[in-house]
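Architecture at a glance
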Amino acid sequence: MNFYQEDKHFQNLMKKYLKPEFLAWAESELEDFGRECGTTIDERARHTDREGQPKLIKYDRFGEDVSEVWVNEGYKQTVEETYNRGIVGYVHKEIPDLGTKGNYMYSYAQGYLLSQTEPGFYCPVTLTMATAYLLEHYADDDIKEKFLPHVISTGEKELYEGATFLTERQGGSDVGANETKAVPNGDHYELFGEKYFASNAGMCGVAMVLARMEGAPDGTKGLSLFAVPWRKEDGSLNGISIRRLKDKLGVKAVPSAEVVFDGARAYLVGTPSKGIYYMMEALNLSRVCNAIASIGIMRRAFVEAKEYAFRREAFGNRLADYPMIKDTLTRLAVKQEVETSAVFSLVDLFDKVMNVDSSASQEEMVLNRLLIAVLKKETAEESIHFAHEAIEMHGGNGFIEDFVTPRLLRDAQVLTVWEGTANILGLEVLRLMTKFKSHELFVEKMEAELDGLPLNLKTLAEPAARGLQKVKELGEFLMASAADVQTYHSKRMAKLISDVFESVTVLIEASAGSERDRMKAEIFLEDTWQKELLDKEMKSVRYFDEIVCWKKAGKAQV
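Residues numbered from 1 in each chain as written. Predicted model: local features only at pLDDT ≥ 70, side-chain atom pairs only at ≥ 80, totals over all residues. Heavy atoms only, no water.

A few words now on the overall build of the chain. Helix and strand content of the chain: 18 helices and 13 strands. Rg of the C-alpha trace for the chain: 24 Å, near the compact-globule value of 24 Å for 558 residues, within the 12% margin. Projected onto its principal axes, the C-alpha coordinates of the chain cover approximately 75 × 55 × 45 Å. Of the roughly 23,600 Å² that the chain leaves accessible, carbon and sulfur atoms contribute 50%. In the chain, which carries 69 positive and 88 negative side-chain charges, the distance between the mean positions of the two groups comes to 3 Å. (Helix = DSSP H or I, 4+ residues; strand = E, 2+ residues; numbered from the N terminus. Rg over C-alpha atoms; globule rule 2.2 N^0.38 Å. Areas by Shrake-Rupley, 256 points an atom, 1.4 Å probe, with all protein chains shown as cover. Lys, Arg positive; Asp, Glu negative; His and termini not counted. Charge placed at Lys NZ, Arg CZ, Asp CG, Glu CD.)

Okay, structure coming up:
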């Protein structure tokens, strides 16, 4: 299986967003990586999940605390191969074959392919991307020189994977309750405290950690950001130990731990009072990664469901011959492609906003944050639905660990939690509305997009226009309401905005694309805004060959 070669919709997105010279190089790389993800890396993922999970080696033979994390050899090979392909490095430095720097679009394209295999392999990449961003944008030259070349290594230097340690036991999402202390010691600081859910612990070379200096105020405003190497120059632990690894429901490939700092040498990054601001920017980067992982799981779940439906026979026919199966597969294909288009549309904006020499306007920055929040929420929830549908398509086999479907469901469950739950994301939407009137910016942007559609799509676009009017009305109501009313409706507003954005996305594709794109738009808009109990037209069945099988004149492509 080749995850890139077999995904025509994704190939079209790369043609849309990558410049021609970059595309010519990237397509070859993505096809090669897609094949690796669909074969060798997929085999390693299964082994890691079942027999080769990370293990904590707490003590050596002399009884000394070494807090080492063991990972299997296939895991190590995947780490080396993935980073050497530039999934992190080429965001920040030139691609030798092109003589030009890469971008987030290409990095997230790689992440989309990798996540179809194992989001637990992509999580450390996400953390390393966040670490590289923080070092490049906010560290002083000495700290940057010390760590960044290792974090963005593509094989020329020893790789330092990254990590971002925020969560503490007493705080959770309430980061302002954090208690880890930073004590000055000459040209550096020493950290004392604990982090309760520290992913990539033991594997990272440097972690970005929030801690509170002595005398700093309570709450998030008193948190500063520090770069903390995992080991000293002599190879010994840098005042860090691991209490235990978390026994998680899914994403078992990534070691998540309880970490204790006892005098860990740390280096201040940026202005002391802006630590939470820096980390929230990195968190937005991670939320995009989360959305990428979600659409990756959605794609893998759809592919598994489709292949099984064409393979399995029941009552004398293939599953794929039955109308209810056609309906399911068509709607899965449409939703997955629309959300993939929406996420990579966001990535295009994200690339502009996150560039170290960004020329993005204030409005673009606000829309970027708004779309990150709503799409992270929507895609994470849909990844669980897709995994469920894939299991049901397989029947009893879908519940058996010989198939990938149980792992897809287990891994998808964490995506609604990582980088902010739906409640936290709803509050983020509310903050953006209150502080920047983000809903008004969104309405203005979407109205312009709808106005620009060709006349032959105006009738089809009417449900999206009505949805946009609801965004306007709900926004006006909430801005005039009490705090409790606002928070109660915040998730409803997030869902409404994501529905409108995805609707406009599919309409834009229909305006510039094929008859298949128009079919997708019809089904998506009806599903989103006009779903009826009695479906006399049964478009999901009538359009099955075109949407699911990419049928053109002649033989279907299965």
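There's more to say after this.
Now for helix α12 (residues 422-436). With 15 residues, α12 extends 21 Å from end C-alpha to end C-alpha; this agrees with the ideal 21 Å at 1.5 Å per step. Buried within α12 we find L425, G426, E428, V429, L430, L432 and M433. Phi turns positive one or two residues past the end of α12, at K437, with a value near 55 degrees. (Expected span 1.5 Å × (residues − 1). Buried < 20%, exposed > 50% of the residue type's maximum accessible area, 1.4 Å probe, protein only.)

Time to look at the layout of surface pockets. Quantified by volume, the largest pocket comes out at close to 1,700 Å³. In this structure, the largest pocket is lined by 50 residues; those nearest its centre are L166, M279, M280, L283 and R287. Only α6 (119-138), β7 (188-199), α8 (275-311), α9 (323-354), α10 (362-394) and α12 provide two or more residues apiece to the lining of the largest pocket. The dominant element in the lining of the largest pocket, judged by the number of residues it contributes, is α8, at 10 residues. Classifying every residue of the lining of the largest pocket gives 25 nonpolar, 16 polar and nine charged. Forming the walls of the second largest pocket are 29 residues, and the residues nearest its centre are E158, L159, Y160, C204 and G205. With five residues, helix α4 (residues 73-84) is the single largest residue contributor to the lining of the second largest pocket. Tallied by class, the residues present in the lining of the second largest pocket amount to 12 nonpolar, six polar and 11 charged. Two domains each provide a minimum of three residues to the lining of the second largest pocket, namely domain 1 (8-152) and domain 2 (162-273). (1 Å grid on protein atoms, 1.4 Å probe; cavity = no way out; pocket = protein on both sides within 12 Å on 5 of 7 lines; lining within 4 Å. Points joined across faces, edges and corners; volume = space filled by probe spheres on them. Nonpolar A, V, L, I, M, F, W, Y, C, P; charged D, E, K, R; others polar. Domains from an automatic or database assignment.)

Mapped onto the present numbering, the UniProt feature "domain: Adaptive response protein AidB N-terminal" (unreviewed entry) falls at residues 2-153. With 64% helix and 10% strand, the stretch residues 2-153 has end C-alpha atoms that lie 26 Å from each other. (UniProt positions renumbered as here; feature names shortened; annotations may be inferred.)

Turning our eyes to something else, we now look at the UniProt feature "domain: Acyl-CoA dehydrogenase/oxidase C-terminal" (unreviewed entry) in the chain. According to UniProt, the "domain: Acyl-CoA dehydrogenase/oxidase C-terminal" (unreviewed entry) feature falls on residues 274-429. Within residues 274-429, the helical portion is 78% and the strand portion 3%, while the C-alpha atoms at the span's ends are 21 Å from each other.

A word on helix α3 (residues 40-50). Three or more residues of α3 are buried, namely I41, D42, R44, A45, T48 and D49. The buried residues of α3 all sit within an arc of 160 degrees when viewed along its axis, so they share a single face. In this structure, the buried side of α3 is in contact with α2 (20-38), α4, α5 (104-117), α6, α8 and α11 (405-415). (Arc of directions from axis to C-beta. Contact = heavy atoms within 4.5 Å.)

Where charged atoms from two side chains of opposite charge come close, those side chains can pair. In this structure the tally under the stated criterion is 50 salt bridges. With its nearest N and O atoms 2.2 Å apart, the salt bridge here joins D32 to R35. Taken as a pair, D32 and R35 lie in helix α2 at a separation of three residues, close to a single helical turn. The exposure class of D32 is partly exposed, given its relative accessible area of 26%. Between E522 and R518 there is a salt bridge whose closest N-O contact spans 3.6 Å. Here the residue E522 and the residue R518 both occupy positions in helix α16 (residues 515-529), the gap between them amounting to four residues, near one helical turn. With a relative accessible area of 25%, R518 lands in the partly exposed category. The network of salt bridges with shared partners includes R169, E194, R243, R244, K246 and E258. (Salt bridge = Lys/Arg side-chain N within 4 Å of Asp/Glu carboxyl O.)

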